[in-house]
Amino acid sequence: MEETPNITLPSWLDDFIFNEMGAKYCRQNSNMTNIDDDKDKALNYLGTYFPRSYAEAYLLFTELFDIEKSHYCTKTKLSVFDFGCGTGGEIIGLLTAIAELLPNVVEVEVVALDGNHFDLRQYEKMSAKFNERSRLNVKNRLFPVTIEDFYDLSIVDEVIRQNFDLIITFKAICEFVSKQQFEQHNPYGHIVRTFLPKLVDDGYMVLEDITVKSDVNEEWLPKMMDKGLQENGCEIVYENPNYNIAIYVNHSRKTNDVTKVAWRVIKRR
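Read on for a plain summary of the structure. Source: prediction; values computed, not measured.

## Points about the overall build of the protein chain
Counting its regular elements, the protein chain contains nine helices and nine strands. Relative to a compact globule of 269 residues, whose C-alpha radius of gyration would be 18 Å, the protein chain shows 17 Å and is just as compact. Summarising its shape, the C-alpha atoms of the protein chain cover approximately 45 × 45 × 45 Å along the three principal directions. Residues classed as buried in the protein chain amount to 57% of the 269 residues present. At a minimum sequence separation of 6, the contacts of the protein chain that also span at least 24 residues come to 77%. A total accessible area of about 12100 Å² is found for the protein chain, and carbon and sulfur atoms account for 44% of it.

Structural data, given as structure tokens:
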């Protein structure tokens, strides 16, 4: 049996989110949607799910960068687009992995899109703190855009013109599923069709989501994800085993908090 990965939030980040930003760990905060959260709920989300997203991204990208060493060894700059970034736990986890494992990378441009303005401000504070402590120069462009349905994805083409080395979406597509915002269409397929053309030729797109069964159609989200990728002929270059990976997350408010997710890394054919 494989050992469950165990990730601890860096002490400076732990202190910043809980003591300076006022985040609170709230285990019962299991709602799949957070775009409409008020400030108190957003701080509960920050203390509960930010550490999990950090750990998930740090583990994923640590493994990906190790597998793809030759791919990244000559790069000095990277560009990242995060769809549904929330408070940015996955971005900070990614940036930490870059700083530790890609010594030639000195600059990272992050384009972050989310419909929750409060969450974007929280990520902005987090990124500024990260910049104070890191060798990386992180430049952010934030887009407070709400996506109501698949027609609104055209907004992305209007506001984001460039192509990216990495496109990521962590635990965001489940919100479209739970709110039935894409009607009977597979939201993973729509996201892939919209964003794959925005990768550079050797870029990667990362999709991660929670591993629960949708109340809407009673289908497991990882299986919906795989169907959406298969329908669009995506090439999966890296994925977690099976449909679920459990990760232990540790911070000052909780030890061995368990997060369970599924991820797929794809590229353009």
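Moving on from the coordinates now.
## Some words on the packing of helix α2 (residues 39-67) against helix α4 (residues 89-101)
If you want to describe how two helices pack, look at the angle between their axes and the distance between the axes. Taken N-terminus to C-terminus, the directions of α2 and α4 make an angle of 35°; their axes are 7 Å apart at the nearest point. Here the hand of the crossing between α2 and α4 comes out right-handed. For the pair α2 and α4, contact is made by Phe50, Ser53, Tyr54, Ala57, Tyr58, Phe61, Thr62 and Phe65 and by Gly89, Glu90, Ile92, Gly93, Leu94, Thr96, Ala97, Ile98, Glu100 and Leu101, respectively. When its residues are assigned to classes, the contact of α2 with α4 shows eleven nonpolar, five polar and two charged.

## Description of the nonpolar core
Counting residues in hydrophobic clusters, the biggest one holds 56 residues, and the most contacted among them are Leu13, Ile17, Phe61, Ile92, Ile98 and Met126. The element best represented in this core is α2, accounting for 13 residues. Here Leu13 is in contact with Phe50, Tyr54, Ile92 and Met126, once residues within four sequence places are set aside. Of all hydrophobic cores here, the second largest spans 31 residues; its members include Phe83, Val145, Val156 and Cys234.

Cut-offs and rules
Residues numbered from 1 in each chain as written. Predicted model: local features only at pLDDT ≥ 70, side-chain atom pairs only at ≥ 80, totals over all residues. Heavy atoms only, no water. Helix = DSSP H or I, 4+ residues; strand = E, 2+ residues; numbered from the N terminus. Rg over C-alpha atoms; globule rule 2.2 N^0.38 Å. Buried < 20%, exposed > 50% of the residue type's maximum accessible area, 1.4 Å probe, protein only. Contact = heavy atoms within 4.5 Å. Areas by Shrake-Rupley, 256 points an atom, 1.4 Å probe, with all protein chains shown as cover. Axes fitted to C-alpha atoms, helices over the stretch in contact; angles between N-to-C directions. Left-handed = near helix turned anticlockwise from the far one by under 90°. Nonpolar A, V, L, I, M, F, W, Y, C, P; charged D, E, K, R; others polar. Core = buried A, V, L, I, M, F, W, Y, C linked by side-chain atoms within 4.5 Å.

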